[in-house]
Amino acid sequence: MKYQLSGKFCRKYKKKNVRIRKAIDEALRKFSKNAFDLSLRNHGLERELQGLRSIDINADYRAIYEEIQEENGSFAYFDNFGTHEELFTSIND
């Protein structure tokens with residue numbers, strides 16, 4: 001599946017260490033070949049994030065995206081990534 005990264009995603013990416021950036025690159029490579037590769041654990045989100053989906057980057061990090069429909073197909077818009085705690089704790093407070 002084609003994808004696009006938000007400015008926020010790119011800014012955070014540049015600040016991460018090489019190990020995390022390589023894990024993100026690998027996850028996005030797998031995603032572009034098969035968005036539902038089992039290692040990505042692609043799944044829909046609930047409650048405040050209903051309509052969005054999450055993939056695993058590694059054991060600690062996840063990325064959140066929205067599938068955008070266009071006339072000529074669809075693409076994934078990745079808006080954010082981080083640890084589960086970084087992404088979901090503030091929502092439940």
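Criteria and thresholds
Residues numbered from 1 in each chain as written. Predicted model: local features only at pLDDT ≥ 70, side-chain atom pairs only at ≥ 80, totals over all residues. Heavy atoms only, no water. Helix = DSSP H or I, 4+ residues; strand = E, 2+ residues; numbered from the N terminus. Buried < 20%, exposed > 50% of the residue type's maximum accessible area, 1.4 Å probe, protein only. Contact = heavy atoms within 4.5 Å. Polar contact = N/O pair within 3.5 Å; in protein donor to acceptor, adjacent residues only side chain to side chain.

(A) Inspection of the side chain of S6 at higher detail. By the secondary structure assignment, S6 is in the loop between β1 (3-5) and α1 (7-15). Taking relative accessible area as the criterion, S6 reaches 3% and is therefore assigned buried. Excluding its chain neighbours within four sequence positions, the residues that come into contact with S6 are Y77, F78 and D79.

(B) Local environment of the side chain of R62. By the secondary structure assignment, R62 is in strand β4 (residues 61-70). A distance of 3.4 Å separates the side chain of R62 from the backbone oxygen of D60, its partner in a polar contact. With near-sequence residues (within four places) excluded, R62 lies in contact with S54, I55, D56, I57, N80, F81, G82, H84 and L87.

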